[in-house]
Amino acid sequence: MPAPSRSLLPAATAVIAALVAGGLSSVVGTMLHAQLSYAGDVPVPWGAVLALVFTGSMLVLAAAYSERLWAAALGGVTAYVLTAWTALDTRNRLIVSWANAEQLPGPALAGALWMYGIVAATVVALFIAARVLRRR
């Protein structure tokens, strides 16, 4: 059997790094995003912010490790798709949708920040990863 092409190995490494970063970000972020504190009656969704920082960091790491900018984008898409898939489950107890904001304002805010913030974290990670890769 012939040896794999040298150009295919870096691409496969980038795909694996992206999928691991996206999957890990989705799992850890979904568990972490619901951590809340309250300042009086105002919810402070610090867990969602931390989950987004973690996601962005993982995406930059995937791009830097694989030396491919598109690895960060693929990781972000993976994180978003897995998180959205979790949120669409009718028996979902992990992510509170914005439709329940009147009954559960804190968890709904955290869920919305987490779901929609993945897109923002991906865009920021792409800019940071581009600067990191440009310096190399």
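Residues numbered from 1 in each chain as written. Predicted model: local features only at pLDDT ≥ 70, side-chain atom pairs only at ≥ 80, totals over all residues. Heavy atoms only, no water.

Draft legend 1. Structural view of the overall build of the protein chain. Looking only at helices and strands, the protein chain has 4 helices and 2 strands in total. Beginning at the N terminus, the succession of helices and strands in the protein chain can be written as α-β-β-α-α-α. Out of the 136 residues belonging to the protein chain, those deemed buried represent 38%. Of the contacts formed within the protein chain by residues at least 6 apart in sequence, a portion of 71% connects residues at least 24 apart. Of the roughly 8300 Å² of accessible surface on the protein chain, 69% is carried by carbon and sulfur atoms. Taken together, the 8 basic and 4 acidic charged side chains of the protein chain have centroids lying 22 Å from each other. (Helix = DSSP H or I, 4+ residues; strand = E, 2+ residues; numbered from the N terminus. Buried < 20%, exposed > 50% of the residue type's maximum accessible area, 1.4 Å probe, protein only. Contact = heavy atoms within 4.5 Å. Areas by Shrake-Rupley, 256 points an atom, 1.4 Å probe, with all protein chains shown as cover. Lys, Arg positive; Asp, Glu negative; His and termini not counted. Charge placed at Lys NZ, Arg CZ, Asp CG, Glu CD.)

Draft legend 2. Highlighting the packing of helix H3 (residues 70–88) against helix H4 (residues 105–135). At a minimum axis distance of 9 Å, the contact between H3 and H4 shows a crossing angle of 175 degrees. When the axis of H3 is compared with that of H4, the two are roughly antiparallel. Judged by residue contacts, Ala72, Ala73, Gly76, Ala79, Tyr80, Thr83, Ala84 and Ala87 of H3 engage Trp114, Met115, Tyr116, Ile118, Val119, Thr122 and Leu126 from H4. The residue makeup of the contact of H3 with H4, split by class, is 12 nonpolar, 3 polar and no charged. (Axes fitted to C-alpha atoms, helices over the stretch in contact; angles between N-to-C directions. Parallel < 35°, antiparallel > 145°, perpendicular 65-115°, else oblique. Nonpolar A, V, L, I, M, F, W, Y, C, P; charged D, E, K, R; others polar.)

Draft legend 3. Layout of the nonpolar core. Core analysis: the largest hydrophobic core is formed by 9 residues, namely Ala51, Leu52, Ala79, Ala84, Ile95, Trp114, Met115, Ile118 and Ala121. Sorting the residues of this core by element identifies helix H2 (46–66), H3 and H4 as the ones contributing at least two each. For this core, the leading source of residues is H4, giving 4 residues. Sequence-distant contacts of Leu52, that is, excluding residues within four places in its chain, are made with Leu113, Trp114, Gly117, Ile118 and Ala121. (Core = buried A, V, L, I, M, F, W, Y, C linked by side-chain atoms within 4.5 Å.)

Draft legend 4. Structural context of the environment of Leu133. As for its placement among the helices and strands, Leu133 is situated in helix H4. With 25 residues separating them along the chain, Leu133 and Ala108 place their C-alpha atoms 37 Å apart. In contact with Leu133, not counting residues within four places along its chain, are Ala63, Ala64, Glu67, Arg68 and Leu69.

Draft legend 5. Quick peek at H3. If you check H3, its first and last C-alpha atoms are 27 Å apart, about what 19 residues at 1.5 Å a residue would give, namely 27 Å. Of the residues making up H3, those classed as buried are Ala71, Ala72, Gly75, Gly76, Thr78, Ala79, Thr83 and Ala84. (Expected span 1.5 Å × (residues − 1).)

Draft legend 6. Fine view of the packing of H2 against H3. Relative orientation of the contacting elements H2 and H3 amounts to 145 degrees, with a least axis distance of 7 Å. Here the hand of the crossing between H2 and H3 comes out right-handed. Across the interface between the two elements, Leu59, Ala62, Ala63 and Ser66 of H2 pack against Ala71, Ala72, Gly75 and Gly76 of H3. Across the contact of H2 with H3, the residue classes tally to 5 nonpolar, 3 polar and no charged. (Left-handed = near helix turned anticlockwise from the far one by under 90°.)

Draft legend 7. View of the confidence of the model for the protein chain. The share of residues in the protein chain with pLDDT of 70 or more is 93%, and the mean pLDDT across the chain is 90. Averaged pLDDT values for the elements of the protein chain fall to 91 in helix H1 (residues 8–32) and rise to 96 in H2. (pLDDT = per-residue confidence, 0-100.)

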